[in-house]
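Spelled out from the first residue to the last, the chains are:
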Amino acid sequence: WDFAIDPVHRTGVAAAAAAAAARGEGSASGLQYRTARGRLAPGPAPGPSGEAPEHRALVLTGFGGYEKVKVQTRRGGSPGPGELSVRVRACGLNFADVMMRQGLYDRLPSLPFCPGMECAGTVSAVGEEVRDRQVGDKVMILARTGLWQEVVNVPAVQTFLMPEGMSFEEAAALPVNYITAYMILFDFGNLRPNQSVLIHMAAGGVGTAAIQLCKTVENVTIFGTASASKHDSLKESGVAHPIDYRTMDYAEEVRKISPKGVDIVMDPLGGSDTSKAFHLLKPMGKVITYGVSNLITGQKKNLVAMAKTWWNQFSINAIQLLHHNKAVCGYDLGNMDEEYKLITDVLLKLINLYNQGKIKPKIDSVWSFDQVADAMKHMQEKKNVGKVILVPEAPKDESKKAEN
């Protein structure tokens with residue numbers, strides 16, 4: 001998914017049809033018209049100009065603080081061959097988006113661009129060569145960037161049909177966090193009954209996903225770090241040993257309960273914490289590093305924090321690794337751009353678990369596009385328990401708290 005999904009450069013007669021269908025003016029009314037290419041498109045025929053209507057998008061205008069993400073107006077276009085046009089109903093906010101805003105990620109599109117790695121919505125138009133999607137399908141979408149918009153054009157291969165009964169908010173919360181947690185625990189971690197796992201940032205999106213997935217395996221002991229105010233919620237969700245990382249040394253607390261350590265450490269922190277994770281492992285244990293959140297200390301890039309994290313970064317050579325009988329793995333979903341089959345297989349397993357009632361995305365709060373700065377601040381200050389969701393329109397519940 002190594003590109004920004006940006007329909008602004010595509011125009012044409014069929015564009016208005018896609019937008020009209022997205023507004024509910026398409027198949028529901030039974031209206032169709034024939035495009036310049038001879039295809040039937042849903043909705044009333046466009047005006048003489050053939051120009052698609054505008055839609056709102058969140059745009060990163062520069063690297064830095066919360067104010068760098070702005071609501072702007074863009075003009076959509078028709079889906080190209082192999083693509084779908086989707087009317088977006090909900091978007092996921094990830095810690096990766098916070099790092100992206102600060103310019104801490106490589107391989108980013110040129111500024112300005114639309115962030116957003118996941119969303120959910122309804123198919124409003126189908127491009128040529130697409131056979132397995134149709135107008136009206138409810139889909140979740142996974143991409144590298146570009147999804148924080150009211151309307152997106154995306155390759156059909158990056159869309160996944162939502163299961164019955166799943167809300168758009170849940171669908172937007174599923175792909176990034178649950179794929180990440182699943183592949184870390186089961187593909188790298190090889191989690192088995194009677195093992196133990198340390199989950200950092202256990203109340204966040206990946207953390208809550210990991211807790212639910214651990215509970216699908218018999219007798220897994222979960223250690224979870226989070227601030228004290230979140231411990232009751234963590235206990236209810238299945239964390240046997242919540243640890244307040246702000247007031248305690250989590251490594252010492254784990255050792256008090258399990259002197260030999262744990263079998264798996266999920267490490268989104270980086271720096272010196274990766275070294276602590278490695279030394280907390282039992283023989284045959286695994287640390288899977290999947291982020292460097294220690295780089296984030298404020299709204300903007302902090303060069304001191306970057307230098308400190310780099311200086312304290314864990315390093316080990318192959319001979320040392322051999323003698324320790326431990327494994328170190330690295331995971332980055334964003335760099336599996338071409339692994340469509342691998343990602344699809346994982347997501348199908350997750351949908352099956354959802355249908356069985358074994359997993360259910362936990363929504364912390366829902367914020368409108370206009371509230372994106374507040375939403376990012378809420379996440380960056382680690383106030384969330386579960387997933388933070390962005391929606392194009394203001395949520396009906398003015399308190400922003402969604403029903404979990």
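Residues numbered from 1 in each chain as written. Predicted model: local features only at pLDDT ≥ 70, side-chain atom pairs only at ≥ 80, totals over all residues. Heavy atoms only, no water.

Rules: UniProt positions are given in the numbering used here, feature names are shortened, and annotations may be inferred rather than shown by experiment.
Going by an unreviewed UniProt entry, the protein carries the name Vesicle amine transport 1 and comes from Meleagris gallopavo. Under the UniProt heading Sequence similarities (unreviewed entry), the entry covering the protein gives this text: "Belongs to the zinc-containing alcohol dehydrogenase family. Quinone oxidoreductase subfamily."

**Quick notes on the pairing of strand β17 (residues 387-391)**
Formally: Only protein chains enter the accessibility calculation, which uses a 1.4 Å probe. A residue is then buried if its area is under 20% of the maximum for its type, exposed if over 50%, and partly exposed in between. Labels follow the DSSP assignment, with helices taken as runs of H or I lasting at least four residues and strands as runs of E lasting at least two, numbered in each case from the N terminus. Two strands qualify as a pair provided that DSSP identifies no fewer than 2 bridges between them. Here the term right-handed applies to a crossover when the path leading from its first strand over the helix to its second strand runs clockwise, the strands being oriented away from the viewer.
Buried residues dominate β17, accounting for 5 of its 5 residues. Neither face of β17 is open: one carries Lys387, Ile389 and Val391, the other Val388 and Leu390, and all of them are buried. Note: strand β5 (residues 83-93) against β17, 3 bridges, orientation antiparallel. Paired with Cys91 across the strands is Leu390, a residue of β17. Two elements, strand β16 (residues 363-368) and β17, share 5 bridges in a ladder whose sense is parallel. In the strand pairing of β17, Trp367 is matched with Leu390. Each parallel crossover has a hand, and for β16 linked through helix α12 (residues 372-380) to β17 it is right-handed.

**Considering the environment of Leu185**
Applicable threshold: In this analysis, two residues are considered to be in contact whenever any of their non-hydrogen atoms come within 4.5 Å of each other.
Assignment of secondary structure puts Leu185 in helix α4 (residues 175-188). Residues Leu185 and Val265, spaced 80 residues apart in sequence, show a C-alpha to C-alpha distance of 9.3 Å. Dropping the residues within four chain positions of it, Leu185 is found in contact with Asn190, Leu191, Val197, Ala210, Leu213, Cys214, Ile264 and Met266.

**Let's talk about the packing of aromatic side chains**
As a reminder of what qualifies: Pairing of aromatic rings covers Phe, Tyr and the six-membered ring of Trp, with a centre-to-centre limit of 6.5 Å; geometry is then stacked below 30 degrees between planes, edge-to-face above 60, and tilted otherwise. To sit over a ring, a charge needs its Lys NZ or Arg CZ within 6 Å of the ring centre and within 35 degrees of the ring normal.
All chains considered together, the criterion is met by 1 aromatic pair. Between Tyr182 and Phe186 the ring centres are 4.8 Å apart and the planes differ by 50°, which places this aromatic pair in the tilted class. Of this pair, Tyr182 and Phe186 both sit in helix α4, 4 residues apart, which is roughly one turn of that helix. Like Tyr182, the residue Phe186 is buried in the burial classification. Here the guanidinium or amino end of Lys276 rests over the ring plane of Tyr250, the centre of that ring lying 4.2 Å away.

**Brief notes about the pairing of strand β6 (residues 118-126)**
Two faces belong to every sheet, and in a regular strand the side chains alternate between them. Of all 9 residues that make up β6, 8 are buried, and the element is covered over most of its length. By the bridge criterion, 7 bridges tie β5 to β6 in an arrangement that is antiparallel. Looking at β6, one finds that Ala90 is bridged to Ala120. Pairing of β6 with strand β7 (residues 138-142) involves 5 bridges; the strand directions are antiparallel.

**Here's the deal with the environment of Trp367**
Selection criterion: Polar contact is the term for a pair of N or O atoms within 3.5 Å; when the atoms are in protein, one must be able to donate a hydrogen and the other to accept it, and sequence-neighboring residues count only if both atoms are side-chain atoms.
Looking at the element boundaries, Trp367 is found in strand β16. Separated by 277 residues in sequence, Trp367 and Ala90 have C-alpha atoms that sit 9.6 Å apart. Of the polar contacts made by the side chain of Trp367, one reaches the side chain of Ser365; its length is 2.8 Å.

**Digging into the side chain of Asn153**
The topology assignment puts Asn153 in strand β8 (residues 151-155). In this structure the side chain of Asn153 is engaged in a polar contact, spanning 2.9 Å, whose partner is the backbone oxygen of Gly77. A polar contact is formed between the side chain of Asn153 and the side chain of Ser85, at a distance of 3.1 Å.

**Quick word on the packing of α4 against helix α11 (residues 340-355)**
Inclusion rule: In this description, a line fitted to the C-alpha atoms serves as the axis of each element, helices being fitted only across the stretch in contact, and the angle between N-to-C directions of two axes falls anywhere from 0 to 180 degrees. Put simply, angles under 35 degrees are roughly parallel, angles over 145 are roughly antiparallel, angles from 65 to 115 are roughly perpendicular, and the rest are oblique. Any residue outside Ala, Val, Leu, Ile, Met, Phe, Trp, Tyr, Cys, Pro, Asp, Glu, Lys and Arg is labelled polar, Gly included; the first ten of those are nonpolar and the last four are charged.
Packing of α4 against α11 brings their axes to within 10 Å, and their N-to-C directions diverge by 100°. In terms of their interaxial angle, α4 and α11 are classed as roughly perpendicular. Here α4 contributes Tyr178, Ile179, Tyr182, Met183 and Asp187 to the contact with α11, which in turn contributes Leu342, Ile343, Val346, Leu347, Lys349, Leu350 and Leu353. Per-class residue counts for the contact of α4 with α11 are 10 nonpolar, no polar and 2 charged.

**Digging into helix α8 (residues 272-279)**
Because an α-helix completes one turn every 3.6 residues, residues spaced three or four positions apart along the sequence face the same direction. What counts here: In this description, one arc is meant: the one made by directions from the helix axis to the C-beta atoms.
Every buried residue of α8 is accounted for by Asp273, Thr274, Ala277 and Phe278. One side of α8 holds all its buried residues, which, seen down the axis, span an arc of 145°. Contacts from the buried residues of α8 go to α7 (250-257), β13 (262-267), β14 (281-289), α10 (318-324) and β15 (327-330).

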